[in-house]
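# Overview (structure and organization)
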Amino acid sequence: MILVTGATGNVGRPLVEALVAGGEQVTAVSRKISEVPEGVRHQQADLAEPASLKPALQGAEALFLLTSPDFMANGDLGDVMNVVRAAGVRRVVLLSSHGVGTGRHPSRLEDAVKRSGLEWTMLRPGNFTSNAVQWADSVRAERLVRAPFGDVAVPAIDPADIAEAAAVALREPGHEGNVYTLTGPVPISPRQQAAAIGDALGEPVRFVEQSREEARDQMLRYMPEPVVEATLGALGAPSAAEQQVSPDVERLLGRSPRTFAEWAERNVAAFE
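As the structure is a prediction and not an experimental result, all values here were calculated from the model. (Residues numbered from 1 in each chain as written. Predicted model: local features only at pLDDT ≥ 70, side-chain atom pairs only at ≥ 80, totals over all residues. Heavy atoms only, no water.)

## Re empty space enclosed by the protein
The gaps left among the atoms become clear once a water-sized probe is rolled over them. Scanning all chains against the criterion turns up one cavity of 30 Å³ or more. Considering only enclosed or pocket space, the largest cavity measures out at about 40 Å³ in volume. Around the largest cavity sit A7, R13, V16, E17, A28, E35, V36 and P37, which together line it. If you tally residues by element for the lining of the largest cavity, the top one is helix α1 (residues 12-21), at three residues. The residue makeup of the lining of the largest cavity, split by class, is five nonpolar, no polar and three charged. (1 Å grid on protein atoms, 1.4 Å probe; cavity = no way out; pocket = protein on both sides within 12 Å on 5 of 7 lines; lining within 4 Å. Points joined across faces, edges and corners; volume = space filled by probe spheres on them. Helix = DSSP H or I, 4+ residues; strand = E, 2+ residues; numbered from the N terminus. Nonpolar A, V, L, I, M, F, W, Y, C, P; charged D, E, K, R; others polar.)

## Examining the layout of surface pockets
By volume, the second largest pocket is sized at about 190 Å³. For the second largest pocket, the lining is made up of 13 residues, of which N10, S130, P159, W263 and N267 are closest to its centre. Going through the elements one at a time, α1, α8 (159-171) and α14 (260-266) are the ones with two or more residues in the lining of the second largest pocket. The leading source of residues in the lining of the second largest pocket is α1, at three residues. A per-class count over the lining of the second largest pocket returns five nonpolar, four polar and four charged.

## Some words on the packing of aromatic side chains
Under the definition given, this model contains two aromatic pairs. Their ring planes at 40° and their centres at 5.5 Å tell us that F260 and W263 sit as a pair that is tilted. Of this pair, F260 and W263 both sit in helix α14, three residues apart, roughly one helical turn. Overall, F260 belongs to the buried group, its relative accessible area being 4%. With a relative accessible area of 3%, W263 lands in the buried category. (Phe/Tyr/Trp six-rings, centres within 6.5 Å; stacked < 30°, edge-to-face > 60°. Buried < 20%, exposed > 50% of the residue type's maximum accessible area, 1.4 Å probe, protein only.)

## Describing unusual backbone geometry
With a phi close to 50°, R143 is a non-glycine residue in the positive phi region. Here R143 shows up in the loop between α7 (136-142) and β8 (144-148).

## Side note on helix α11 (residues 225-236)
Relative to the 16 Å expected for 12 residues at 1.5 Å per residue, α11 spans 16 Å between its end C-alpha atoms, a close match to the ideal helical length. On its buried face, α11 sits against β9 (154-157), α10 (212-219) and α12 (240-243). (Expected span 1.5 Å × (residues − 1). Contact = heavy atoms within 4.5 Å.)

## Focus on the sheet that holds strand β1 (residues 2-5)
Across the sheet, which stays open at both edges, the seven strands sit in the order β3-β2-β1-β4-β5-β6-β10 with parallel pairing between neighbours. Strands at the two margins of the open sheet, each flanked by one partner only, are β3 (41-44) and β10 (178-182). Going across the sheet, the axis of each strand differs from the next one's by a mean of 15°, ignoring polarity. As defined by bridge partners, β1 adjoins strand β2 (residues 26-30) across four bridges and the pair is classed as parallel. (Pairing = 2+ DSSP bridges. Axes fitted to C-alpha atoms, helices over the stretch in contact; angles between N-to-C directions.)

## Considerations on the sheet that holds strand β11 (residues 187-188)
Taken in spatial order, the three strands make up an open sheet running β7-β9-β11, and their pairing is mixed. Unpaired on one side and paired on the other, β7 (127-128) and β11 mark the two borders of the sheet. Bridge count for β9 against β11 is two bridges, and the pairing is antiparallel. When the bridges of β11 are listed, P155 appears paired with P187.

## A few points about the packing of helix α4 (residues 77-86) against helix α6 (residues 108-115)
Between α4 and α6, whose axes approach to 9 Å, the crossing angle comes to 30°. With respect to α6, the element α4 is oriented roughly parallel. Here the hand of the crossing between α4 and α6 comes out right-handed. On the side of α4, the interface is formed by L77, G78 and M81, while α6 contributes L109, A112 and V113. Considered class by class, the residues forming the contact of α4 with α6 number five nonpolar, one polar and no charged. (Parallel < 35°, antiparallel > 145°, perpendicular 65-115°, else oblique. Left-handed = near helix turned anticlockwise from the far one by under 90°.)

## Section: the pattern of salt bridges
Counting across every chain of the model gives 20 salt bridges. Each of D161, E164, R255 and R258 takes part in one network of salt bridges that share partners. (Salt bridge = Lys/Arg side-chain N within 4 Å of Asp/Glu carboxyl O.)

## Digging into the pairing of strand β6 (residues 119-125)
Across the seven residues of β6, six count as buried, placing the element largely inside the fold. As judged from the five bridges shared by strand β5 (residues 91-95) and β6, these two strands associate in the parallel manner. For V92, the partnering residue across the bridge sits in β6 and is W120. As paired elements, β6 and β10 share five bridges and run parallel to each other. Looking across to β10, one finds that T121 is bridged to N178.

This is the structure we're talking about:
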């Protein structure tokens, strides 16, 4: 049985679906009660309270570990891993961050998983295509996108590709001790993303560039300050490594990563 934390989010939901489609028994864990696919066991638990995971871990052999921004600021993954190891789980796939590899984000989550003594695989995605959903209200109301660093391009990864990569690492042997950097197929700027959303809608979407401070104030409403600063640094002044397209999605899935335009077409209803 495979346990998926964060099972109702942008990565967790398609991961649960992919695992079920592959014939796996799955327990979906989330902090709030939510609908899950038929045949999937759901357990309400919170990583910030590691003991709450114990009922969900019964019978689990592998774990997909996704931490929320507030857990990253205040949680202790070492305590979580103690509970996971005691339950007999053998393999952990951690959704980490490209920023760990580039030095923008601390490595303490990865370090805690490595210290657990379990088999581990690290997934390090960069910028998510789904971050564009933050523009949905203004696109619906004004056909307008406001964002900083309008012409700075970095690759954007589709959460569905992250989910498929995670399913491979959870189900197949040979990924133990590996670190995979997950990116989209090409760097794309916010201005180009706005244009792709317009193409999906069939009408133009204007782009207005925010200042760094305007973007910072907005992001602080839902992200801890260190994460905000690191994110703005990566988006505004990316290093060569942060602009580079990784081959790891194609290695894992046997195909190229999905484009931002494909994501926009699939999610156009959010912007209509």
